[in-house]
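Structure at a glance
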Amino acid sequence: MNCPNCGFALSEGLPFCVNCGAAVEQADASGASVTQPPASNTQAQPPAQPTQPTPQTAQPSPAQTMPTSPPRKSGRAGLLIVALVVLVGIAAVALAFMFMGRDTGKRTRQRANTNVPSGRNANVAQTQPSAANNQNTANANVAPQAAELKQTLTGQTKEITAVAYLPDKKTLASASRDGSVKLWDAQTGALKQTVDEQGGEVVSLAFSADGTMAAVAVVNGGGVGAVFVSDMQGGQIGAARQQIERNNIQSVAFSPDGKTLAVGNTSGSLTLWDTTTGTLKQTLEGQDIQTRSVTFAPDGKWIAAGGYGNTVKLWDAQTGKLRELQGHTSEITCVAFAPDGQTIASGSYDNTVNLWAAQTGELRHTLKGEEDTISAVTFAPDGKTVASAASHTISLWDVATGELRQTFKLPETTVSAISFAPDGATLASGCADGTVRLWKSKQ
């Protein structure tokens with residue numbers, strides 16, 4: 001039964017509508033309508049106003065009356081239930097999205113770390129290239145020099161005293177104060193031979209122009225020394241066939257024809273020896289106390305040497321006549337002839353390299369680079385470039401103009417010996433740490 005006023009479903013037995021409060025007639029067993037006061041109100045309800053008749057609502061006949069349903073809750077309670085259901089639904093959806101988000105985040109992090117090594121933070125890995133770029137910028141002046149280093153040969157443990165390319169153009173030799181001479185493949189750097197001189201230091205090394213002989217100068221701790229002359233056999237140093245005994249040896253050099261060996265020492269003399277018989281041919285006077293470096297002119301007519309005193313000594317190889325080249329302000333450390341024999345280079349404790357006209361003795365250029373003692377000088381095969389070594393630096397100079405063309409830096413060691421390859425494209429340097437380093441030289 002519905003309320004005739006608002007249409008709300010009425011509970012059985014109540015004389016009023018719980019929704020709008022209007023009085024409701026109840027039907028008795030015979031179908032007659034009766035009016036009863038509300039159970040909760042002791043006062044009689046006033047009769048319905050005749051001027052405001054109750055809207056006529058079609059009432060179902062007794063035959064059409066549906067079975068009585070259980071009492072229904074009020075509209076407000078229903079609204080609360082609906083609201084509660086909605087809130088529960090929203091909460092459930094929110095929880096679902098939250099769990100989905102957590103799973104998605106895990107999968108995302110796993111993908112992001114796929115290429116990151118274990119124990120490394122991804123952000124740190126990304127910042128490392130920037131640090132590397134900063135380092136490259138800081139070392140911009142060093143990188144080009146490092147790129148010019150072709151190869152480093154290791155195996156000797158003390159200072160390299162001499163490096164020389166053999167005339168076969170296939171072999172590079174190095175001598176060391178550790179008592180060894182090593183022959184290396186000039187192309188690959190592979191070790192071909194090691195000659196050990198027990199109980200002494202190898203202080204100088206020379207090969208004849210035709211590559212058939214080798215001279216190895218050895219000195220022990222007390223200054224007692226000897227030069228061992230050997231024939232080359234199959235590209236290697238053979239057994240010594242001559243032993244020239246001299247104390248405090250500093251340097252050795254073959255004449256171009258290979259018949260004479262010059263031996264300089266710190267005893268004040270420069271001696272010339274016959275390589276066939278092993279006998280003394282001549283003693284050149286005028287070197288004062290010592291001869292640190294000696295070399296022959298390519299035509300064999302002149303012998304140049306330097307040592308104590310500030311002058312380069314030039315002897316006529318036939319007559320022994322001496323002349324001196326003056327221009328240095330301190331002792332001479334090294335000398336070299338250009339391949340054409342027209343220029344002499346000399347290095348000194350005064351930190352300079354002088355280029356002299358061999359025929360006239362005229363000083364052509366004074367080359368000054370690093371503020372340090374010049375330890376070695378050598379000419380390129382074409383005679384257009386001269387290289388000098390001073391402490392941690394190798395400098396390549398233009399012979400004609402005296403201009404600096406190229407430098408190599410060795411901050412971790414010092415340079416003690418240098419030599420150009422026969423093609424001039426490579427410069428070998430012997431170092432104080434026992435390494436031999438090969439550099440690309442400009443043509």
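An account of the accompanying structure is given in this report. Small disclaimer: the values here were computed from a predicted structure and weren't measured. (Residues numbered from 1 in each chain as written. Predicted model: local features only at pLDDT ≥ 70, side-chain atom pairs only at ≥ 80, totals over all residues. Heavy atoms only, no water.)

1. What to know about the overall build of the chain
In terms of regular secondary structure, the chain is built from 3 helices and 30 strands. Within the chain, buried positions represent 41% of all 443 residues. In the chain, the proportion of contacts linking residues at least 24 apart, taken out of those at least 6 apart, comes to 38%. (Helix = DSSP H or I, 4+ residues; strand = E, 2+ residues; numbered from the N terminus. Buried < 20%, exposed > 50% of the residue type's maximum accessible area, 1.4 Å probe, protein only. Contact = heavy atoms within 4.5 Å.)

2. Notes on the sheet that holds strand β9 (residues 213-219)
In space, the 4 strands of this open sheet follow the order β8-β9-β10-β11, with antiparallel pairing throughout. Two strands bound the open sheet, and with one partner strand each, they are β8 (201-207) and β11 (236-245). When the angles between neighbouring strand axes are averaged without regard to direction, this sheet yields 25 degrees. Sheet topology note: the β9/strand β10 (residues 225-233) ladder contains 7 bridges and is antiparallel. (Pairing = 2+ DSSP bridges. Axes fitted to C-alpha atoms, helices over the stretch in contact; angles between N-to-C directions.)

3. Points about the sheet that holds strand β13 (residues 260-265)
Read from one edge to the other, the open sheet built from 4 strands follows the order β12-β13-β14-β15, with strand pairing classed as antiparallel. Each edge of the sheet is formed by a strand with only one pairing partner; in this case those strands are β12 (249-254) and β15 (280-284). The sheet shows a mean angle of 20 degrees between the axes of neighbouring strands, taken without regard to direction. Of the pairings in the sheet, the one linking β13 to strand β14 (residues 270-274) comprises 5 bridges and is antiparallel in character. Among the inter-strand pairings, Thr260 is bridged to a residue of β14, identified as Asp274.

4. Examining the nonpolar core
In this structure, Val181, Leu205, Phe207, Met232 and Ile237 are the most contacted members of the largest nonpolar core, which totals 18 residues. Among the elements of the structure, β4 (160-165), β5 (171-176), β6 (180-185), β8, β9 and β10 are those that each provide at least two residues to this core. Contact partners of Leu205, with chain neighbours within four places excluded, come to Ala162, Ala173, Ser174, Ala175, Val181, Ala215, Val216 and Val252. Judged by nonpolar contacts, the second largest core, of 15 residues, contains Ala206, Ala215, Val219 and Ile249. (Core = buried A, V, L, I, M, F, W, Y, C linked by side-chain atoms within 4.5 Å.)

5. Let's talk about the pairing of strand β18 (residues 311-316)
Among the 6 residues that make up β18, 5 are buried, leaving the element largely enclosed by the rest of the structure. Two elements, strand β17 (residues 302-307) and β18, share 4 bridges in a ladder whose sense is antiparallel. Bridge pairing in β18 links Ile303 to Trp315. Linkage of β17 to β18, two consecutive antiparallel strands, is achieved through a turn of 3 residues, within which Gly309 is found at a positive phi near 95 degrees. Where β18 lies against strand β19 (residues 322-326), 5 bridges are found, and the strand directions are antiparallel. When the sheet's bridge partners are listed, Leu314 is paired in β19 with Arg323. Taking the residues between adjacent antiparallel strands as the criterion, β18 and β19 are bridged by 5 residues, where Gly320 takes a positive phi near 80 degrees.

6. Structural notes on the packing of aromatic side chains
Scanning the entire structure with this criterion turns up 1 aromatic pair. Relative to Trp439, the ring of Phe408 lies with its centre 4.8 Å away and its plane at 15 degrees, an arrangement referred to as stacked. Residue Phe408 is found in strand β27 (residues 404-409), and its partner Trp439 is found in strand β30 (residues 436-440); the two are separated by 31 residues along the sequence. Relative accessible area serves as the criterion here: at 0%, Phe408 is assigned to the buried category. (Phe/Tyr/Trp six-rings, centres within 6.5 Å; stacked < 30°, edge-to-face > 60°.)

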